[in-house]
Amino acid sequence: MLTKFLAAAALAATGLTAAAPPALAANTAEPAATAAGWKQNPVRALQHAAHPLRSTEPGSNTADLRALDAIIGDAQVVGLGEATHGSHEFFTMKERVFRHLVEKKGFTTFALELSWSAGLQIDEYLQTGKGDARKIAKETLTNSPWDREEFVSLIEWMRDYNRRHPGHTVHFMGDDIGAPTLNDEFFGRVTGYVQKNHPESLPRLNELYTGLRPIDDVFAYLGKPLAERQRLAAKAQQALELISSQKGPGGDAFELAEQNARSIAQTAKFLSLDVTDPDSVATFERFRDEVMAQNVTWWQQHTSDKILLSAQNDHVGYVAGDPKLYPKTQGAFLRDTLGKKYLPIGFTFNQGSFLSKDGAIGGDWKKFTVGAATPGMNEYTLDKVRYQDYYLDIRNAPAAARAWLDISRPTRNIGTQYPYPLVDLAIARSFDVLIHLHDIREADKLQP
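Since this is a predicted model, take the numbers as computed values, not measurements. (Residues numbered from 1 in each chain as written. Predicted model: local features only at pLDDT ≥ 70, side-chain atom pairs only at ≥ 80, totals over all residues. Heavy atoms only, no water.)

### Observations regarding the packing of aromatic side chains
Overall, the coordinates contain 17 aromatic pairs when judged by the stated rule. On the basis of an interplanar angle of 50 degrees and a centroid distance of 4.7 Å, the ring pair of Phe 90 and Phe 347 is categorised as tilted. Of this pair, Phe 90 sits in helix H5 (residues 88-105) while Phe 347 sits in strand S6 (residues 342-356); the two residues are 257 residues apart in sequence, bridging distant segments of the chain. Exposure class is identical for Phe 90 and Phe 347. Each is buried. Centre to centre, the rings of Trp 157 and Tyr 161 are 5.3 Å apart; their planes meet at 35 degrees, and the pair counts as tilted. Residue Trp 157 and its partner Tyr 161 are located together in helix H8 (residues 149-164), separated by 4 residues, close to a single helical turn. Among the residues examined, Tyr 161 registers a relative accessible area of 7% and is labelled buried. (Phe/Tyr/Trp six-rings, centres within 6.5 Å; stacked < 30°, edge-to-face > 60°. Helix = DSSP H or I, 4+ residues; strand = E, 2+ residues; numbered from the N terminus. Buried < 20%, exposed > 50% of the residue type's maximum accessible area, 1.4 Å probe, protein only.)

### Remarks on unusual backbone geometry
Geometrically, the link from Arg 213 to Pro 214 is a cis peptide bond, its omega value of -10 degrees lying close to zero. Here Pro 214 is to be found in the loop between helix H10 (202-209) and helix H11 (218-221). In the segment running from Tyr 418 into Pro 419, the intervening peptide bond is cis, with an omega of 5 degrees. Here Pro 419 is to be found in the loop between strand S9 (409-411) and strand S10 (423-425). With a phi close to 70 degrees, Asn 143 is a non-glycine residue in the positive phi region. In this fold, Asn 143 is placed in the loop between helix H7 (133-141) and H8. A positive phi angle is found at Ser 304, which is not glycine, with a value near 65 degrees. Here Ser 304 is to be found in the loop between helix H14 (281-303) and strand S5 (306-310).

### A look at the side chain of Ser 144
Along the chain, Ser 144 falls in the loop between H7 and H8. Here Leu 141 takes part through its backbone oxygen, which lies 2.6 Å from a polar atom of the side chain of Ser 144. (Polar contact = N/O pair within 3.5 Å; in protein donor to acceptor, adjacent residues only side chain to side chain.)

### Some remarks on the pairing of strand S11 (residues 433-440)
Regular strands place their side chains on alternate faces of the sheet. Counting buried positions over the 8 residues of S11 gives 6, a clear majority of the element. The sheet contact formed by strand S8 (residues 390-393) and S11 spans 4 bridges and is antiparallel. Its bridge partner being in S11, Tyr 391 is matched across the sheet by Ile 435. (Pairing = 2+ DSSP bridges.)

### Brief notes about the environment of Leu 114
Along the chain, Leu 114 turns up in strand S3 (residues 107-115). Residues Leu 114 and Gln 388, spaced 274 residues apart in sequence, show a C-alpha to C-alpha distance of 31 Å. Here Leu 114 is in contact with Gly 119, Ile 122, Thr 140, Leu 141, Phe 172, Gly 174, Asp 175 and Asp 176, once residues within four sequence places are set aside. (Contact = heavy atoms within 4.5 Å.)

### Considering the pattern of salt bridges
Should their charged atoms come close, side chains of opposite charge can pair. A complete count under the given rule lists 21 salt bridges for this structure. Each member of the salt-bridge network shares a partner with another, and the members are Glu 113, Asp 176 and Arg 288. (Salt bridge = Lys/Arg side-chain N within 4 Å of Asp/Glu carboxyl O.)

### Quick notes on the packing of H10 against helix H12 (residues 226-244)
Axis separation between H10 and H12 bottoms out at 8 Å; the angle between their running directions is 155 degrees. By the angle between their directions, the pair H10 and H12 is classed as roughly antiparallel. When the axes of H10 and H12 are compared, the crossing they make is left-handed. Residues Arg 204, Leu 205, Glu 207, Leu 208 and Tyr 209 of H10 touch H12, and the partners they reach there are Lys 235, Gln 238, Ala 239, Leu 242 and Ile 243. Here the residues of the contact of H10 with H12 are counted per class, giving 6 nonpolar, 1 polar and 3 charged. (Axes fitted to C-alpha atoms, helices over the stretch in contact; angles between N-to-C directions. Parallel < 35°, antiparallel > 145°, perpendicular 65-115°, else oblique. Left-handed = near helix turned anticlockwise from the far one by under 90°. Nonpolar A, V, L, I, M, F, W, Y, C, P; charged D, E, K, R; others polar.)

### What to know about the environment of Phe 287
Relative to the elements of secondary structure, Phe 287 occurs in helix H14. For Phe 287, a relative accessible area of 16% corresponds to the buried category. Taking the C-alpha atoms as reference, Phe 287 lies 9.4 Å from Gln 330; in sequence the two are 43 residues apart. With residues up to four places along the chain from it excluded, the contact list for Phe 287 reads Gln 266, Lys 269 and Phe 270.

### Some points on the nonpolar core
Formed by 77 residues in total, the largest nonpolar core has its most connected members in Tyr 209, Leu 212 and Ile 264. Element by element, the count of residues in this core is highest for H14, at 8 residues. Those residues in contact with Leu 212, other than ones at most four positions away along the chain, are Phe 187, Tyr 221, Leu 232, Ala 236, Ile 264 and Ala 268. (Core = buried A, V, L, I, M, F, W, Y, C linked by side-chain atoms within 4.5 Å.)

Structure representation (structure tokens):
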């Protein structure tokens, strides 16, 4: 989400709800008598592959998700997208899927398109119980689209699960750049480790972080001259190298301190963006997606956790809806690193409401509504399947369905700013699995 703000800054600077039986594994065999008909009518082929959803709400019976277990298979990281940044059903479906994967597939981490530092703060609450879920959500999610009741529900469920399973807890991680703030406390996680274990290096580390610590507001920080931001980024990288050079018997404490220093260096490099050069935005978008993939990979390798990764469709998919702005996605980087151990799931919807903003910079999240998809859009045909809400395995769908899904068509892809034009998207090139919902509504405002 952050870089949609920064992209705008750069440009500105230059002027089954219906009853259904439990889902079964899709039969992808194509009798000759039906294959020709499917080529003429892709809806029939899509319907043949579709597994109906009984609900998008967490806490309901999950018999309809049994087929998803086989679809996910041995994947270690499952990316679960969203076609808008602020819709109730996308958020609740993520909690529902995460609960199911925790209980049935051994998943233990929920990762979000949120700063690494904020993720640590939420996870400390989950592990210790110190604090209040609603207060933690307000502190870490304010001004984001996830500052909503649906994410309080997720955090509360995760904390309750940990109380009931103290020997096998679940975790929350943020995989993103450190924004909108990188506070003094987070820098203290790095300097505190050095003070305790390598006090002779503390003066040099403090010197390297001078002028950078803390970053209270990334947009104010971007007001610094470019040369100064580049100098500070170089010093943050030197600080990371200083920490890395002190690897010894510190074990987990060292690994976490190094990763925290890496997050600071990643953030400082990202914030060396030249906001007067719109052509540089795509380069930094690519860097950000690479950073998110690196952080997820670090977490998976150091914890051996199976991870449900939550982000906008553009970040979890192999290909973005706007490849000029997002030349290589987090999903593409994860595929490079994890191969078939990474599985992206995209979302589409027919109609409904969501939260977005009039402009990417400033303003409040507010409700927008769109009507039913129109002919020619991907969602128009997807919504012709007889199930209101469903999911399908694109990889193993009938050939006619795969061929249809492999063609670029106008598709909704809504983020921080609306109105936003439809994007041309070939769904099969971006995702391995698709969830389609008939109707969505805006996410619920966080209550005091």
